[in-house]
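Residue-level structure breakdown
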Amino acid sequence: MGPLASTLAREARRQNIHEKQAADFIQRLELVTEFEKLPSLGPNALYLNRDGQDVTGRQLGRAPKPSKSIDFQWHTASTRCLAAQKYTKESGGNQDSQFKELELLLRNFAQRTYNGLALFILVDDAYYTEDRLNLLRGLVRLQPPRSYVTSVNSLQGLLRSMAGEG
């Protein structure tokens, strides 16, 4: 493999292909408006603090990040939606830490008092066994502001329910 080919191969591995595919899929859903792929770092990255409030990297300044950054935001009906997306094939140290990041997002969001926002934890592939899904689902808010744990492919049905269509 030549230098250019090895650079391109390395760059492709570093990109989150599944996140890009999820973004393309979500923004095409009929009930999604104002879709935005959010930056994972920097002043415009979005986080959930311990009170479940969404804060930007700029607002945090040099303070430690309170959670994993939010991947996407959009509107459905009158609700602003935030989503963290993970596509994880197998178990292991890094995957387990990613799972804990999702747990923390759900725990932080559970403290939220202001409505008008929904949190989606979008998880796909073999790592998310029924046991792991049940652990995450045990942390969802069942009253407004609501949170959800689902796969990207099941998102449309939840959005229809939120919009009163299903």
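Because the structure is predicted, anything quoted here is derived from the model rather than measured.

Section: helix α5 (residues 130-137)
- Within the sequence span of α5, burial applies to R132, L133 and L136. Axial view of α5: buried residues confined to an arc of 100°, hence all on one face. Residues of α5 that are exposed and angled more than 90 degrees away from the buried face: D131 and L135.

Comments concerning the pattern of salt bridges
- Overall, the coordinates contain seven salt bridges when judged by the stated rule.
- Between K37 and E19 there is a salt bridge, with its nearest N and O atoms 2.7 Å apart. Here E19 lies in helix α2 (residues 17-27) and K37 lies in strand β1 (residues 33-37), a separation of 18 residues in the sequence.
- Using a relative accessible area of 12% as the deciding quantity, one classes E19 as buried.
- One salt bridge connects E30 with R160, and the closest N-O pair in it is separated by 3.1 Å. You can see E30 sitting in the loop between α2 and β1 and its partner R160 sitting in helix α6 (residues 155-162), a full 130 residues away along the chain.
- What makes E30 exposed here is its relative accessible area of 54%.
- Each of D54, R80 and R112 takes part in salt bridges that share partners, so that together they form one network.

What counts, and at which threshold
Residues numbered from 1 in each chain as written. Predicted model: local features only at pLDDT ≥ 70, side-chain atom pairs only at ≥ 80, totals over all residues. Heavy atoms only, no water. Buried < 20%, exposed > 50% of the residue type's maximum accessible area, 1.4 Å probe, protein only. Helix = DSSP H or I, 4+ residues; strand = E, 2+ residues; numbered from the N terminus. Arc of directions from axis to C-beta. Salt bridge = Lys/Arg side-chain N within 4 Å of Asp/Glu carboxyl O.

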